[in-house]
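This is what each chain is made of:
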Amino acid sequence: MTSTHILLLIAAYFLLLLLISYFTGKNDSNVDFFKAGKQSPWYLVAFGMIGASLSGVTFISVPGWVASSEFSYMQVVFGYMVGYFVIAYILLPIYYRLNVTSIYQYLEQRFGSTSYKVGAISFFVSRVLGASFRLFLVALVLQEFVFDDLNVRFEITVALSILLIWVYTFRGGIKTIVWTDTLQTLFMLVAVGLSIYFINDKLNWSFTEFLASEELTEYSKIIFTEDFFSKNHFIKSFLGGLFIAICMTGLDQDMMQKNLTCKSLKDAQKNVVSFGLVLVVVNFVFLLLGALLFIYANKMNIAIPLLDGKAKTDLLFPEIALNSDLGPVIAITFMLGLIAAAYSSADSALTSLTTSFCIDFLGIEKKEDNHQKKTRKLVHIGMSILLIIVVIAFKYVLDTNVIDGLLQVATYTYGPLLGLFTFGIFTKHKIKDKYTWVVAAISVVLIYVFASIPPEILGGYKVGYELLPINGLLTFIGLWFIRIKEV
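Please read these numbers as outputs of a predicted model, since none were measured by experiment. (Residues numbered from 1 in each chain as written. Predicted model: local features only at pLDDT ≥ 70, side-chain atom pairs only at ≥ 80, totals over all residues. Heavy atoms only, no water.)

A.B. asks: Mind showing me how you'd approach the overall build of the chain here?
C.D. replies: For the chain, the helix and strand inventory stands at 20 helices and two strands. In the chain, buried positions account for 58% of the 487 residues. For the chain, long-range pairs separated by at least 24 residues make up 85% of all intrachain contacts whose partners lie at least 6 apart in sequence. Accessible surface for the chain amounts to roughly 19,400 Å². Of this, 65% is attributable to carbon and sulfur atoms. (Helix = DSSP H or I, 4+ residues; strand = E, 2+ residues; numbered from the N terminus. Buried < 20%, exposed > 50% of the residue type's maximum accessible area, 1.4 Å probe, protein only. Contact = heavy atoms within 4.5 Å. Areas by Shrake-Rupley, 256 points an atom, 1.4 Å probe, with all protein chains shown as cover.)

A.B. asks: Teacher, can you tell me more about a nonpolar patch on the surface here?
C.D. replies: Where nonpolar side chains cluster on the molecular surface, the patch consists of Leu16, Leu19, Tyr22 and Phe23 and spans about 420 Å² of accessible area. Secondary-structure assignment places Leu16 in helix α1 (residues 3–24). Of the residues examined, Leu16 reaches a relative accessible area of 32% and is grouped as partly exposed. (Patch = residues over 30% accessible without salt bridge, like charges linked within 9 Å, V, L, I, M, F, W, Y side chains within 5 Å. Salt bridge = Lys/Arg side-chain N within 4 Å of Asp/Glu carboxyl O.)

A.B. asks: Got a minute to help me understand the environment of Gln269 in this structure?
C.D. replies: Considering the arrangement of structural elements, one finds Gln269 in helix α13 (residues 265–300). Distance from Gln269 to Tyr84, taken between C-alpha atoms, is 9.4 Å for residues 185 residues apart in sequence. If near-sequence neighbours (up to four positions away) are discounted, Gln269 is found in contact with Ala88, Tyr89, Leu92 and Pro93.

A.B. asks: Before we go on, may I ask you to explain the pattern of salt bridges in this structure?
C.D. replies: Two side chains carrying opposite charge are able to pair once their charged atoms lie near each other. Within the structure shown, the criterion is met by five salt bridges. When the shortest N-O distance is used, the salt bridge between Arg127 and Asp252 registers 2.7 Å. Here Asp252 lies in the loop between α11 (234–250) and α12 (253–259) and Arg127 lies in helix α6 (residues 113–147), a separation of 125 residues in the sequence. The buried category is assigned to Arg127, whose relative accessible area is 4%. Note that Lys221 and Glu226 form a salt bridge whose closest N and O atoms lie 2.5 Å from each other.

A.B. asks: What's the story with helix α19 (residues 436–452) in this structure? I'm lost.
C.D. replies: Residues that lie three or four places apart on an α-helix share one face, since the helix turns once every 3.6 residues. The first and last C-alpha atoms of α19 sit 25 Å apart over 17 residues, in line with the 24 Å expected at 1.5 Å per residue. By the burial criterion, the buried members of α19 are Thr436, Val439, Ala440, Ser443 and Ile447. Buried positions in α19, seen along its axis, are confined to an arc of 95° and lie on one side of it. In α19, the exposed residues that point more than 90 degrees away from the buried face are Trp437, Val445 and Tyr448. (Expected span 1.5 Å × (residues − 1). Arc of directions from axis to C-beta.)

A.B. asks: In this structure, what is going on with the packing of helix α18 (residues 415–426) against helix α20 (residues 467–481)? I would like to understand it.
C.D. replies: Angle between the axes and distance between the axes are the two parameters that describe a pair of packed helices. Relative orientation of the contacting elements α18 and α20 amounts to 50°, with a least axis distance of 7 Å. With respect to α20, the element α18 is oriented oblique. Here α18 and α20 pass one another in a crossing that is right-handed. In this structure, α18 uses Gly415, Pro416, Leu418, Gly419, Leu420, Thr422 and Phe423 to contact α20, whose residues at the interface are Leu468, Pro469, Asn471, Gly472, Thr475, Phe476, Leu479 and Trp480. (Axes fitted to C-alpha atoms, helices over the stretch in contact; angles between N-to-C directions. Parallel < 35°, antiparallel > 145°, perpendicular 65-115°, else oblique. Left-handed = near helix turned anticlockwise from the far one by under 90°.)

A.B. asks: I keep staring at the packing of aromatic side chains and nothing clicks. Help me out?
C.D. replies: Two aromatic rings, taken as a pair, are described by how far apart their centres are and by the angle between their planes. A full pass over the atoms with the stated rule returns 18 aromatic pairs. Geometrically, the ring pair formed by Phe111 and Phe423 is tilted, given 6.1 Å between the ring centres and 45° between the ring planes. One end of the pair, Phe111, is in the loop between α5 (105–110) and α6; the other, Phe423, is in helix α18, and 312 residues separate them in sequence. Ring centres 6.3 Å apart and planes at 50° place the aromatic pair Tyr412 and Tyr448 in the tilted group. On the criterion of sequence distance, the pair formed by Tyr412 in helix α17 (residues 402–413) and Tyr448 in helix α19 is long-range, its members being 36 residues apart. Taking relative accessible area as the criterion, Tyr412 reaches 23% and is therefore assigned partly exposed. The lysine or arginine in question, Lys236, covers the ring of Phe228, its NZ or CZ lying 5.7 Å from the ring centre. (Phe/Tyr/Trp six-rings, centres within 6.5 Å; stacked < 30°, edge-to-face > 60°. Lys NZ or Arg CZ within 6 Å of the ring centre and 35° of its normal.)

Structure representation (structure tokens):
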């Protein structure tokens with residue numbers, strides 16, 4: 001598949017998204033941009049959230065993770081599933097009862113303006129970094145397999161990618177996202193299914209023969225309980241996944257903004273629960289694909305692609321899909337899946353960042369009506385420029401598997417949110433609101449210091465995703481010290 005063919009495919013896909021945007025963005029109102037008029041069917045939101053949750057990181061990086069960590073990622077996914085039940089039956093009732101546009105408005109009503117801003121800033125930093133991680137990976141693949149051949153610089157690739165996203169979201173916002181995410185999820189899942197089919201066919205296997213093969217057993221271990229000090233021990237991974245789901249979905253404006261477009265609380269709960277159950281199956285299929293990719297690479301003597309002289313397992317899937325002899329169908333479906341994965345997470349991130357900045361920092365709902373739309377559009381441009389800058393910076397600083405890096409960032413940035421919401425929901429105490437930022441800052445610093453301690457000093461203990469609940473606990477304890485004691 002040549003670079004020209006890939007560009008034509010991207011152009012056709014982009015025109016389809018523009019068509020959806022035309023019909024969903026006719027109203028061009030802030031109500032539709034932020035809440036989609038609260039008329040989204042729950043099943044449509046649930047299906048679309050699969051693509052937004054998985055993104056290009058899962059599409060490429062999870063299969064690439066299999067070589068070093070086998071199927072241990074499923075331990076995290078099992079934690080996700082439990083977390084989604086917490087979201088459905090604890091957090092969603094609060095958001096619907098308060099009828100919020102930004103979920104961090106709850107913190108203002110519960111504690112005060114400083115807590116509100118700390119929550120909003122935590123999300124803002126988290127989402128900028130998270131969205132940039134995802135965009136970076138996809139832009140990297142496009143650069144490696146398309147734009148290098150055309151002598152286009154990486155910086156231009158990133159700018160063009162985000163420009164395309166801005167064009168089809170600047171009018172319809174979340175109303176457009178609900179529909180485009182559904183289409184993008186479909187393309188992504190079809191791409192994975194066809195990839196598994198064609199690779200198995202090339203190996204002269206049926207799917208059941210692949211599942212029963214000895215080669216698969218080399219990669220398919222799921223539960224790791226042998227060494228508690230290890231980073232991927234079941235308890236640490238499960239608890240990490242539980243709190244990552246609560247924070248990166250339930251306390252995340254990006255993911256919750258879609259849920260708040262449902263017609264009722266009951267619909268939103270059905271959406272989250274069904275989404276959580278389906279996500280377990282989908283992630284397992286991605287890991288099966290990862291094992292199949294490495295089995296195929298070993299049999300066909302395909303080397304792991306290099307990036308700056310280092311083996312980059314994230315690039316194995318595109319290497320096999322685009323440069324092996326599997327044929328044009330898998331190349332086309334891979335690119336469609338990759339593009340879908342890129343846009344399904346980045347478009348909702350851009351919209352949620354715009355929403356959060358407008359509501360949480362500018363107080364747009366308190367401004368005159370004739371200024372609200374203009375402000376929203378200017379912020380949308382500003383968020384696009386910010387993402388471009390951060391993604392380009394990652395090229396020079398990132399040296400880890402992207403899915404691992406994404407989850408590591410979450411342990412720092414979502415901790416204060418976890419502590420604030422937990423304290424607000426499970427206690428009745430008021431706090432000295434002006435000191436909230438001090439508590440959050442100290443918590444993050446302590447977590448960073450703990451994570452930086454060499455395993456040798458901790459008796460071989462390797463810090464993993466349990467940092468997130470520990471971060472939340474430290475924030476909770478700090479809030480307890482600044483509570484207002486009842487006389």
